[in-house]
Amino acid sequence: MKLSSHTFATGALVAVVTAGVLAVGPQAPTTPSATVAPAETAAAARPARRPRAKTAAKRFDQPAEAAMFAARKRAGAIETRGPNAAPGSQATPQIPVRAYLAAAAHIRRMPQYSSVTNEILPAGPQVLASTAPQALAAPGGALGTWQPLGPGNIGGRTRQLVFHPTNPDIMYAAAVAGGVWKTTDAGASWNPLTDLLIPNIAVNSLAMDPKNPQVLYAGTGEGFFNFDGVRGAGIFKTTDGGATWTQLAATATADFFYVNDIVVSPRNSSRMWAATRTGVWRSTNAGATWTRVVDGSTANGCFDLVTQTDRAVGYIFAACGSFSTSTPAVGIFRAVENGSSLPWQHVLTRTQEPGLGRISLALAPSNQNIVYALAAQTAAGTYQDGMLGVFRSDNSGAPGSFVARVRNTDPNKLNTLLLTNTVYGFLADCGFGGSNQFFNQGWYDNVIAVDPTNPDRVWAGGIDLFRSDDGGRNWGQASHWWFRPGVDPEYAHADQHVIAFHPQYDGVANTKLYVANDGGFFRTDNPNAAVGTTLASVCGAPPANAVAWTELNNNYEVTQFYHGSAYPDGDTYFGGTQDNGTLRGRQTTGLSWTRLLGGDGGYTAVDPTDTNVLFGEFTGLSIQKSTNGGASFFDAVNGIAGDQGFAFIAPFTMNAANAQQLWTGGWFIWRTTDQAGVWTRASSITAGNGSVSSVAVSPVNPNMVVVGMSDGYIHYTNTALTNTGTTNWPFTRPRTVFVTSVAFDPVDANTVYATFSTFSGVAVYKSVNGGASWAPIVGTGATALPALPVHTIVVDPTNTQRLYVGTDAGVFTSIDGGLNWYKEVTGFANVVTESLGINPTGTKRLFAFTHGRSAWRVDLQP
């Protein structure tokens, strides 16, 4: 689950279950899960579920805070402090998306560096500008030296799935920050196709030429207003099934920064349409040129396209609008799909349906006169961003023909929660305590589909999946995000984006239905089985013979990490992720990872002297500790009070030389010297209006600590262990933007580095006096760092002149202390890289935790 720039309430009272007793508190709600409770109805052999204990999982997840956190990092925000001020909640910053194109042009000119061979290479074909047509390397070409670590069994946010029409075992997937992926064995294994795409690999939409399955179009940029969505670079085309890709030059403009959907005409392959942030665009020459046919710029864009395929001349339909509360350009549009310049008709409008928000569309394959629309609501109230209604036209979407099949005023509450977190909508009704809560996400996860054999059997996806057998009037729940993965067959991950029937689906011999969500891919082979329609089924006792799901994330490595840590020997590693919890992988288990904590994960740490001691977190102030190797966790924030400033992903760090010492912070700086037995405030209130965004302690001198802030201030001290709650730490402010990381030289306590998330100016600084003053180290000319956000820096412990930084476009290396920088090309994808680390013992290895292409490792030269 995700949140956008829209205004959302925070700090609501929510239910938390601890040791079987429900309490109410101000933090985000915990994840309902598999704690045993008496079964109420059918499936009596299986216990009903209750919300899981706080130490086990969190609600998947908190979209508004996640969105704002990503935006603040890249573009800054005006912040205030006060009793009701959540960090970064006062303003929605805007990301200068054109900066990615300028950075890509610079990267093309940069020399490259191989960490494996320890040699500088000339600028090469792997790094390409996005401002001109480009042919990309074959899948995996140049990707053979960094080792992908997975997870290959967890998945990540996926917004499109297309099938080869005559060989459905071949499928292509669009990972929103992980590129295009292909399977040739029906999902038994997946392979990446676009790791070398510049300036990023944010693929949001896919379309296959109906007349030639070797031709596909990939639309880049996730335009749904979740601010961890990555901006794109237009539309890319392959004519060889994904082996090579070329950018459509006409789409290298701001009108195609966010391509939400693409449709190719089934009648003429030269005709195609794209739904983007600025409207619907039509090409009559296979993408060589484009004309805007629907202006969606005032409606925040257009999001869905469908076209009739069963007739010589059919209609194409478009859905436009999200969050907009006043513009008339919201609703459903249609036009004759013949390539002419006939004006589009506005067939479902705000006048007809006030409060229309984001809409998803579906045609009934067996009767394509029938058009369904699932609409979110923008009007304030209980259902804001939830479901407004399900609408249907039996007359090819003619003006005035869309009729509501169900609205959010329906007396059956389950029918109204298609775009709401269902179990929380029934929290009190289920007896889980607290009050019913409406976490609505129709702007983010909103999809509808129709059974190919029955126009009245309709599927809808929001946070969970639902099915109607009477044309959309009544609905039953077909998945439960809070059930146990791998244990409960009714489990499918939260946040649905794709519902796709197998091309040979006939409802009898072939009954395969696929879904894609924030957890990757799932398939059911019994889509017509029972769905839950009773309170008991919503609360955790599904009906007998319910729809069952199988996970298909087999080497589909698109997990979005926020942070990660390696164990001392480098053979075990773990990290916190967006919407998939805190995960751990091991060399011995390959790409198969296990979940240690649920919800959104964050920072992590492991005691190098006792690897049974682990630290993780959820969001905000929520540090968790395990003393049994991750088998269980408990709260580790004792002593922290009176600090409302903890960031959405709140940093903490462990002293590499003394694992008893950890540091964290919000509006104040906090210290523990007994491994979180108790925390002590170690500062007066920090400078500025931001929150602690990064923290580092010198392994050489534990009194040397540097703390970065979200508004550019950097605090430093050489008396860290004796500082008290009234100590005013000195500070500097090299930039006024987000300090993403600080790191000490591992052998010199006076040398420290800081990175900033910025599209202009200096993003990496060095101090040689413990943080008192700073100098830029970004290089010049062709060996300068590109003007992109830098998220992390790490210093090679055996060669401190060798620095590595993680950016919005992958990893860059300096071998001379930052005087010159090189693009790391020995097999690393061009992806947002959030966290880097080097294991302290054994074979020296660099670890990279990315936001969209999972985790990686490379052996370094001594």
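Residues numbered from 1 in each chain as written. Predicted model: local features only at pLDDT ≥ 70, side-chain atom pairs only at ≥ 80, totals over all residues. Heavy atoms only, no water.

Chemist: Can you walk me through the environment of Arg681 in this structure?
Modeler: With respect to the helices, strands and loops of the structure, Arg681 is situated in strand β47 (residues 680–681). On the accessibility criterion, Arg681 (30% relative accessible area) is partly exposed. For Arg681, the contacting residues outside a window of four places in its chain are Phe668, Ile669, Trp670, Asn723, Thr724 and Gly725. At 3.1 Å, the side chain of Arg681 forms a polar contact with the backbone oxygen of Ser683. A distance of 2.6 Å separates a polar side-chain atom of Arg681 from the backbone oxygen of Gly725. (Helix = DSSP H or I, 4+ residues; strand = E, 2+ residues; numbered from the N terminus. Buried < 20%, exposed > 50% of the residue type's maximum accessible area, 1.4 Å probe, protein only. Contact = heavy atoms within 4.5 Å. Polar contact = N/O pair within 3.5 Å; in protein donor to acceptor, adjacent residues only side chain to side chain.)

Chemist: Can you walk me through unusual backbone geometry in this structure?
Modeler: Only a minority of non-glycine residues have a phi that is not negative, and only a minority of peptide bonds are not trans. The step from Gly150 to Pro151 runs through a cis peptide bond, and the omega angle for that step is 10°. The backbone of Ser396 shows a phi angle near 55°, a positive value even though the residue is not glycine. One can find Ser396 in the loop between β26 (387–393) and β27 (403–407). Exposure remark for Ser396: the relative accessible area of 6% places this residue in the buried category. Of note in the backbone geometry, Asp495 takes a positive phi value of approximately 75° without being a glycine. Tracing the backbone shows Asp495 in the loop between β31 (476–477) and β32 (496–501).

Chemist: Is there a simple way to explain the sheet that holds β26 in this structure?
Modeler: Neighbouring strands of a sheet are bound in pairs by backbone hydrogen bonds; such pairs are parallel or else antiparallel. Pairing in this open sheet of 4 strands is antiparallel, and the strands run β24-β25-β26-β27 from one edge to the other. In this open sheet, the two strands that pair with only one neighbour each are β24 (356–363) and β27. Averaged over all neighbouring strand pairs, the angle between strand axes comes to 25°, with direction disregarded. Two strands pair when backbone bridges link them, and strand β25 (residues 371–377) and β26 are joined in this way by 6 bridges, in the antiparallel orientation. Bridge pairing in β26 links Ala376 to Met387. (Pairing = 2+ DSSP bridges. Axes fitted to C-alpha atoms, helices over the stretch in contact; angles between N-to-C directions.)

Chemist: For this particular structure, what's the right way to read the pattern of salt bridges?
Modeler: Oppositely charged side chains can form a pair if their charged atoms are brought close together. Inspection of the entire model under this criterion finds 18 salt bridges. A salt bridge links Asp295 to Arg292, with the shortest nitrogen-to-oxygen separation between them at 3.5 Å. Taking the relative accessible area as the measure of exposure, Asp295 reaches 39% and is therefore partly exposed. A residue is classified by how much of its surface remains accessible, and Arg292, at 35% relative accessible area, is partly exposed. Between Asp469 and Arg457 there is a salt bridge, with its nearest N and O atoms 3.2 Å apart. Of the two residues, Asp469 is situated in the loop between β30 (465–468) and β31 and Arg457 in the loop between β28 (447–450) and β29 (458–461); the sequence distance between them amounts to 12 residues. (Salt bridge = Lys/Arg side-chain N within 4 Å of Asp/Glu carboxyl O.)

Chemist: How should I be thinking about the sheet that holds strand β20 (residues 302–307) in this particular structure?
Modeler: Spatially, 4 strands are ordered β20-β21-β22-β23 in an open sheet, and the strand pairing comes out antiparallel. Each having just a single partner strand, β20 and β23 (345–348) make up the two edges of the open sheet. Put simply, the sheet's adjacent strands are angled 30° from each other on average, direction ignored. Taken together, the 5 bridges between β20 and strand β21 (residues 315–320) define a ladder with antiparallel strand orientation. If you follow Val306 over to β21, its bridge partner there is Phe317.

Chemist: Mind showing me how you'd approach the confidence of the model for the protein chain here?
Modeler: Scored by pLDDT, the protein chain has a mean of 86; 84% of the residues are at 70 or more. A low-confidence stretch, residues 126–144 stays under pLDDT 50, and its non-local contacts, those more than four residues away or across chains, total 62 contacts. (pLDDT = per-residue confidence, 0-100.)

Chemist: It is not clear to me how the packing of aromatic side chains should be interpreted in this structure. Could you clarify?
Modeler: Think of a pair of aromatic rings as described by two things: how far the centres are apart, and how the planes are tilted against each other in angle. Scanning the model with the defined rule gives 27 aromatic pairs in all. An angle of 50° between the planes, with centres 6.3 Å apart, marks the rings of Tyr603 and Phe652 as tilted. Highlighted residues: Tyr603 in the loop between β39 (594–597) and β40 (605–606) and Phe652 in strand β44 (residues 652–655), separated in sequence by 49 residues. Phe652 gets classed as buried once you look at its relative accessible area, which sits at 3%. One aromatic cluster is present, formed by Phe561, Tyr573, Trp593, Phe847 and Phe849 through successive ring pairs. It is Arg334 that lies over the ring of Tyr315; its NZ or CZ is 3.9 Å from the centre. (Phe/Tyr/Trp six-rings, centres within 6.5 Å; stacked < 30°, edge-to-face > 60°. Lys NZ or Arg CZ within 6 Å of the ring centre and 35° of its normal.)

Chemist: Whenever I open this one, the pairing of strand β48 (residues 692–697) confuses me. Can you help?
Modeler: Across a regular strand the side chains alternate sides, sitting on one face of the sheet and then on the other. Counting buried positions along β48 gives 6 out of 6 residues, so the element sits mostly inside the fold. Strand direction decides the pairing type here: β48 and strand β49 (residues 705–709), joined by 5 bridges, are antiparallel. Paired with Val692 across the strands is Met709, a residue of β49.

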